[in-house]
Amino acid sequence: SFSTEAYPEQTREAPWRDQLGAARLRCEDLKTGDSLHGTIQFRATTLGIELAIVASVPQSISLGTQRSDGLLMCMLLEGTAQLCIDGLREPLAAGQLVCVPAAGRSDLAICSSFRLLVVHLARALLASRMDLAPPATALRMRGEATALLAQILQSVAAIFEAAPGSGPPALQPSEGLVAGTP
């Protein structure tokens, strides 16, 4: 776990940006009117699914960095944001999912204090479990199956936050749902 509270207020930005990078995100613009406060909880499951829950003040974040070699799924748990993909902006509400493939990128202009779930599935994990190719570009996921996946991910986030000190066994029951295993 990471918290900006461990740093003096005037030196928080650099460690925050570093830790966002570890969560496969990049801070593009901190809204300087607010004092920087943020936390990031990290976890990796036994299958290698990386999870992070980011909570902070308004800022612009890029989803999908150069070091992403699989699929990045992000879900806004709380807050309001504008999603920008290929120059097109649309609102992103809590509970909506964004999928960003390795070569893709999108930006979130987060307008309020927020919580964001970030899930990274490695290319090898995807290749062993999916017959279909991942999307070629970033997209906001839609449809009934997406609503079900969003509910599953909200449950995973709740388990994750309820047991922040636990290792991967706490997440194993839901790991198969995300990875597509029985």
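Structure's up top.
Bear in mind the structure is a predicted one, so any value in this text is a computation, not a measurement.

Caption draft 1: Structural detail: the packing of aromatic side chains. Per the stated rule, a full pass over the model turns up 2 aromatic pairs. Ring geometry for Phe-2 against Tyr-7: centres 5.8 Å apart, planes inclined by 40 degrees, an arrangement best described as tilted. Tyr-7 sits in the partly exposed class, given a relative accessible area of 32%. Between Phe-2 and Trp-16, the ring centres sit 6.2 Å apart and the planes meet at 35 degrees, which makes this aromatic pair tilted. Separated by 14 residues along the polypeptide, Phe-2 in strand β1 (residues 2-3) and Trp-16 in helix α1 (residues 13-22) bring together distant segments of the chain. Relative accessible area serves as the criterion here: at 9%, Phe-2 is assigned to the buried category.

Caption draft 2: Inspection of unusual backbone geometry at higher detail. Backbone geometry places Arg-24, a non-glycine residue, at a positive phi of 70 degrees. With respect to the secondary-structure elements, Arg-24 resides in the loop between α1 and β2 (25-30). The buried category is assigned to Arg-24, whose relative accessible area is 6%. Phi at Asp-86 takes a positive value of approximately 50 degrees, unusual for a residue other than glycine. Its relative accessible area of 66% is what places Asp-86 among the exposed residues.

Caption draft 3: Structural context of the nonpolar core. Counting 29 residues, the largest nonpolar core has Trp-16, Leu-25, Val-54, Leu-63, Leu-108 and Leu-116 as its most contacted members. Sequence-distant contacts of Val-54, defined by excluding residues within four places in its chain, comprise Trp-16, Leu-20, Leu-25, Thr-39, Ile-40, Phe-114, Arg-115 and Leu-116. In this structure, Ile-49, Leu-77, Leu-125 and Leu-153 belong to the second largest nonpolar core, which totals 21 residues.

Caption draft 4: Representation of the pattern of salt bridges. Evaluated as defined, the whole model comprises 10 salt bridges. Measuring nitrogen to oxygen at the nearest pair gives 3.5 Å for the salt bridge that ties Glu-5 to Arg-12. We classify Glu-5 as partly exposed; its relative accessible area is 47%. Taking the relative accessible area as the measure of exposure, Arg-12 reaches 6% and is therefore buried.

Caption draft 5: A look at the sheet that holds strand β10 (residues 106-110). Read across the sheet, 5 strands follow the order β2-β5-β10-β7-β8 without closing on themselves; strand pairing throughout is antiparallel. The outermost strands of the open sheet, each flanked by one partner alone, are β2 and β8 (88-92). Here the average twist between neighbouring strands, direction ignored, is 25 degrees. Each of β2 and β5 (59-63) is contacted by α1, which is oriented at about 145 degrees to β2, the strand it contacts most.

What counts as what
- Residue indices begin from 1 for each chain and proceed along its sequence in written order.
- Side-chain atom pairs in this predicted model are given and counted only at pLDDT of 80 or more, local residue features only at pLDDT of at least 70, and totals for whole chains, interfaces and linings cover all residues.
- For the side-chain quantities, the full set of heavy atoms in the structure was used; hydrogens and water were omitted.
- Two rings from Phe, Tyr or Trp (for Trp, the six-membered ring) form a pair when their centres are within 6.5 Å of each other. A pair whose planes differ by under 30 degrees is stacked, one over 60 is edge-to-face, and the rest are tilted.
- Partly exposed describes any residue whose relative accessible area lies between the buried limit of under 20% and the exposed limit of over 50%, with all areas from a 1.4 Å probe on protein chains only and scaled to the type maximum.
- Strands are runs of DSSP state E lasting at least 2 residues, helices are runs of H or I lasting at least 4, and numbering of each runs from the N terminus.
- Side-chain atoms within 4.5 Å link the members of a nonpolar core, which is a set of buried Ala, Val, Leu, Ile, Met, Phe, Trp, Tyr and Cys residues.
- Contacts are residue-level and defined by heavy atoms, with any inter-residue pair within 4.5 Å sufficient.
- One side-chain nitrogen of Lys or Arg within 4 Å of one carboxyl oxygen of Asp or Glu is enough to make a salt bridge.
- The rule for pairing is simple: two strands pair if DSSP sees at least two bridges between them.
- Every axis corresponds to a line fitted to the C-alpha atoms, with the helix fit spanning only the stretch in contact, and the corresponding angles, defined between N-to-C directions, vary from 0 to 180 degrees.

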